[in-house]
Amino acid sequence: MLTAKQKELLLFIHQKIKETGVSPSFDEMKEALDLASKSGIHRLITALEERGFLRRLAHRARALEVLKLPDSATPAAPPRGRASFKPALVGGEPVREADRELDGGYEIPILGKIAAGVPKEAIETEIGRITAPGDLAANAEHFALEVKGDSMINAGILEGDVVVLRRCDTANTGDIIVALVDGEEATLKRLRRKGNSVALEAANPRYETRIFGPDRVQIQGKLVALIRRYA
């Protein structure tokens, strides 16, 4: 559900593109919404982008694309050049792609918290349970972890989110996984394979990509859903 200002801005951008073929300038948006500064417009656009209603087109000035309108149930088109996985968000607004409510069917254990390198024991002790999103197969084995830190923010994964993973020991390049490094350190990262090496890539430019030999990394699970709680 959008706020009144988010909806007002989205409809204004949609109408301008429909009338002129180009998105409005920040000054036009600021004036239309009667805001005091452009920073408010930046925040609204970011919120609409995160919820899958807008997309910024790279390397083009004044380039915004309306992906859907508030009453549309059509999923957002995947952004060009991005990895194929975009986690569905349960318990709040959609993240970039999914726009649906998922009803739970069974319980999944939350096995601790995951960050950019935590002890193995941090993902082995149950600290709670959640109801599984309804589209997860009940015959697959799933577990959940609470996210700490900001190493995956550009993948739409924020601190405090709960990630749901399917247990597995293999994954494809581009998958977001929980990996165990040297049998001791667990981390949530995007998997990249480079020849015989395994790269664990953060989704935040502040963190470096770590590269290991294939015998040093064990895949514990692959990300299949994301749950966000709102106070």
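This structure is a prediction, so every number in the text was calculated from the model and none was measured.

K.L.:
When you look at the overall build of the chain in this model, what are you seeing that I'm missing?
P.N.:
Secondary structure summary: the chain contains three helices and 13 strands in total. When the 231 residues of the chain are sorted by exposure, 42% land in the buried category. When the accessible area of the chain is evaluated, it comes to approximately 12400 Å², of which 47% is carbon and sulfur surface.

K.L.:
Would you mind going over the nonpolar core with me for this structure?
P.N.:
Note that soluble globular proteins tend to have their nonpolar side chains buried in a common cluster. Formed by 18 residues in total, the largest nonpolar core has its most connected members in Ile114, Leu145, Ile157, Val163, Leu165 and Leu188. Among the elements of the structure, β4 (107-114), β7 (142-147), β8 (162-167), β9 (176-181), β10 (185-194) and β13 (217-227) are those that each provide at least two residues to this core. Aside from chain neighbours lying at most four places away, what touches valine 163 is Ile114, Phe143, Ala144, Leu145, Val147, Ile157, Leu188, Leu223, Ala225 and Leu226. By size, the runner-up hydrophobic cluster in this structure holds 13 residues, among which are Leu2, Leu9, Leu10 and Leu64.

K.L.:
Just to check I follow, could you spell out the packing of aromatic side chains for this structure?
P.N.:
Aromatic rings in a pair are described by how distant their centres are and how their planes are angled relative to each other. In the structure shown here, the tally under the stated rule is zero aromatic pairs. In this arrangement the basic side chain of lysine 68 is found over the ring face of phenylalanine 53, its NZ or CZ atom lying 5.0 Å from the centre.

K.L.:
Honestly, unusual backbone geometry in this entry has me stumped. Any pointers?
P.N.:
Trans peptide bonds make up the majority, and among non-glycine residues the majority have a negative phi. Of note, the phi angle at aspartate 34 is positive, near 55°, even though the residue is not glycine. Relative to the helices and strands, aspartate 34 is located in the loop between α2 (26-32) and α3 (38-50). Note on aspartate 34: relative accessible area 69%, which makes it exposed.

K.L.:
How should the pairing of β9 be read in this particular structure?
P.N.:
A regular strand places its side chains on the two faces of the sheet in alternate fashion. Counting buried positions over the six residues of β9 gives six, a clear majority of the element. Neither face of β9 is open: one carries Ile176, Val178 and Leu180, the other Ile177, Ala179 and Val181, and all of them are buried. Sheet topology note: the β9/β10 ladder contains six bridges and is antiparallel. If you follow valine 181 over to β10, its bridge partner there is glutamate 185. Where β9 folds back on β10, the antiparallel hairpin that results is connected by three residues, among which aspartate 182 adopts a positive phi of roughly 55°. Pairing analysis gives five bridges linking β9 to β13, with the strands arranged antiparallel. Within the sheet, the bridge partner assigned to valine 181 lies in β13 and is valine 217.

K.L.:
In this structure, what is going on with α3? I would like to understand it.
P.N.:
Over its 13 residues, α3 runs 18 Å from end to end, which matches the ideal 18 Å to within 8%, given 1.5 Å per residue. Those residues of α3 not exposed but buried are Gly40, Ile41, Leu44, Ile45, Ala47 and Leu48. Projected onto a plane normal to the axis of α3, the buried residues spread over an arc of 160° and lie on a single side. In this fold, the buried residues of α3 make contact with α1 (4-20), α2, β1 (54-56) and β2 (64-66). Count one or two residues on from α3 and you reach glycine 52, which has phi positive near 85°.

About the criteria used
- Residues numbered from 1 in each chain as written.
- Predicted model: local features only at pLDDT ≥ 70, side-chain atom pairs only at ≥ 80, totals over all residues.
- Heavy atoms only, no water.
- Helix = DSSP H or I, 4+ residues; strand = E, 2+ residues; numbered from the N terminus.
- Buried < 20%, exposed > 50% of the residue type's maximum accessible area, 1.4 Å probe, protein only.
- Areas by Shrake-Rupley, 256 points an atom, 1.4 Å probe, with all protein chains shown as cover.
- Core = buried A, V, L, I, M, F, W, Y, C linked by side-chain atoms within 4.5 Å.
- Contact = heavy atoms within 4.5 Å.
- Phe/Tyr/Trp six-rings, centres within 6.5 Å; stacked < 30°, edge-to-face > 60°.
- Lys NZ or Arg CZ within 6 Å of the ring centre and 35° of its normal.
- Pairing = 2+ DSSP bridges.
- Expected span 1.5 Å × (residues − 1).
- Arc of directions from axis to C-beta.

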